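# Report on the structure
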Amino acid sequence: MVLAIETKSLNVGYRNADADVTVLSGVDLKVNVGEFLTILGPSGCGKSTLLRVVADLLEPLAGEITVLGETPHAIRQQREVGFVFQDSTLLPWRTVLENIELPTIVGGKNAAPVVDGRIENLLSLLGLDGLNERYPHQLSGGQRQRVAIARALLNEPKLLLMDEPFGALDEITRDRLNDEILEIWRRTGTTILFVTHSIMEAVYLGQRVMMLASNPGRIVSITDLRDAKTKDNTCKREDPAIIAAMAELRQSLGEVS
Ligand SMILES: Nc1ncnc2c1ncn2[C@@H]1O[C@H](COP(=O)(O)OP(=O)(O)OP(=O)(O)O)[C@@H](O)[C@H]1O
Ligand SMILES: [Mg+2]
């Protein structure tokens, strides 16, 4: 069976002129196709670095990684990966619509043609109806994040990488977007890797929660929440099993921070 992501003894970090800086080492990870995996860990432990390697924005230092059974590079060429960064980088001189269409414009002839009505569907899926002609500075922070998500979803990626996409938002907006992203995940069946600093968000969204540590950077634990949730990954924040999982992760995060 093909996995969404498989790594063996993977070391990730940065190649400097003088020496390599290893951020995470010995990463052995298997993520199933269609899985929702959330990632927690102290600042600087290497969460973004790991996503960069998966997205082929960075070469691994050592070890093996496959994405959907192929190299990260091959998968990137096939445009199977969508990336949403913490601070969504919309082009200020382009409207909402033009920002969402961006991958098809910069993709040139490699880009898949956009099916009629697809952008309209995305706009409404993300609650952006009527905002197509606005510019980024005319949107709230939450709306800008939604545009970035819409853009990442345009090519129907098989893998969606989200790096603290809702970190800068108020709690109510974040809760709403959490439910929206779960709904998108249920409808599309895409595999999601989602980095967050919020234990609540990690537990609410993830079927499994991966905890990373620094010094040395590594995977500390992977908490499986599937038994505490329904099959379609629904849970109640006040459910005792969910509260217990959060308490355990809080303690573990305290120990590695
Ligand atoms: N281009 C780079 N060159 C060298 N080191 C880097 C580079 N980018 C990041 N680092 C270092 O790699 C380590 C991991 O950084 P990374 O951004 O992956 O952390 P993170 O877990 O995402 O942190 P945060 O929660 O603050 O976003 C940090 O020590 C950081 O200083
Ligand atoms: Mg980061």
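Everything numeric in this text was worked out from a predicted model, so none of it was measured.

Bringing unusual backbone geometry into the picture now. At the junction of Asn-215 and Pro-216, the peptide bond is cis and its omega measures out at -5 degrees in the coordinates. Mapped onto the fold, Pro-216 is located in the loop between β8 (208-213) and β9 (218-224). One non-glycine residue, Asp-56, adopts positive backbone phi at about 65 degrees. Inspection of the secondary structure assignment puts Asp-56 in the loop between α1 (47-54) and β4 (62-67). The exposure class of Asp-56 is buried, given its relative accessible area of 15%. Here Leu-68, not a glycine, exhibits a phi torsion of approximately 50 degrees, which is positive. In this structure, Leu-68 sits in the loop between β4 and α2 (72-77).

The next thing to look at is the site of ligand 1. Around ligand 1 sit Tyr-14, Val-23, Pro-42, Ser-43, Gly-44, Cys-45, Gly-46, Lys-47, Ser-48, Thr-49, Glu-164 and His-197, and that is every residue in its neighbourhood. Here Tyr-14 contributes a side-chain N or O atom positioned 3.4 Å from a nitrogen atom of ligand 1. Between ligand 1 and the protein, one listed contact pairs an oxygen atom with a side-chain N or O atom of Glu-164 at 3.5 Å. Sorting elements by how many residues they give to the shell around ligand 1 places α1 first, with three residues. In terms of residue class, the shell around ligand 1 is made up of four nonpolar, six polar and two charged.

For the structure shown, the criterion picks out twelve salt bridges. In this structure, Asp-56 and Arg-76 form a salt bridge, with 3.6 Å as the shortest nitrogen-oxygen distance. Here Asp-56 is found in the loop between α1 and β4, whereas its partner Arg-76 is found in helix α2, with 20 residues between them in sequence. The partly exposed category is assigned to Arg-76, whose relative accessible area is 43%. Note that Glu-156 is salt-bridged to Arg-118, the shortest N-O span being 3.3 Å. Of the two residues, Glu-156 sits in the loop between α5 (141-153) and β6 (159-163) while Arg-118 sits in helix α4 (residues 118-125), which places them 38 residues apart along the sequence. Residue class for Arg-118 comes out buried when judged on its relative accessible area of 18%.

We now examine the sheet that holds strand β5 (residues 81-84). The strand order β5-β6-β7-β3-β8-β9 describes an open sheet built from six strands, whose pairing is mixed. If you trace the sheet from one side to the other, it starts and ends with β5 and β9, each paired once. On average, adjacent strands in this sheet sit at an angle of 15 degrees to one another, irrespective of strand direction. Of the strand pairs in this sheet, strand β3 (residues 36-40) and β8 are connected by four bridges, and their pairing is parallel. The residue bridging Leu-40 from the neighbouring strand is Met-211, located in β8. Sitting on the sheet, helix α6 (residues 171-188) touches β3, β6 and β7 (191-195), and the angle it makes with β3 is about 140 degrees.

Cut-offs used in this document
- Residues numbered from 1 in each chain as written.
- Chains lettered and ligands numbered in written order.
- Predicted model: local features only at pLDDT ≥ 70, side-chain atom pairs only at ≥ 80, totals over all residues.
- Heavy atoms only, no water.
- Helix = DSSP H or I, 4+ residues; strand = E, 2+ residues; numbered from the N terminus.
- Buried < 20%, exposed > 50% of the residue type's maximum accessible area, 1.4 Å probe, protein only.
- Near = heavy atom within 4 Å.
- Polar contact = N/O pair within 3.5 Å; in protein donor to acceptor, adjacent residues only side chain to side chain.
- Nonpolar A, V, L, I, M, F, W, Y, C, P; charged D, E, K, R; others polar.
- Salt bridge = Lys/Arg side-chain N within 4 Å of Asp/Glu carboxyl O.
- Pairing = 2+ DSSP bridges.
- Axes fitted to C-alpha atoms, helices over the stretch in contact; angles between N-to-C directions.
- Contact = heavy atoms within 4.5 Å.

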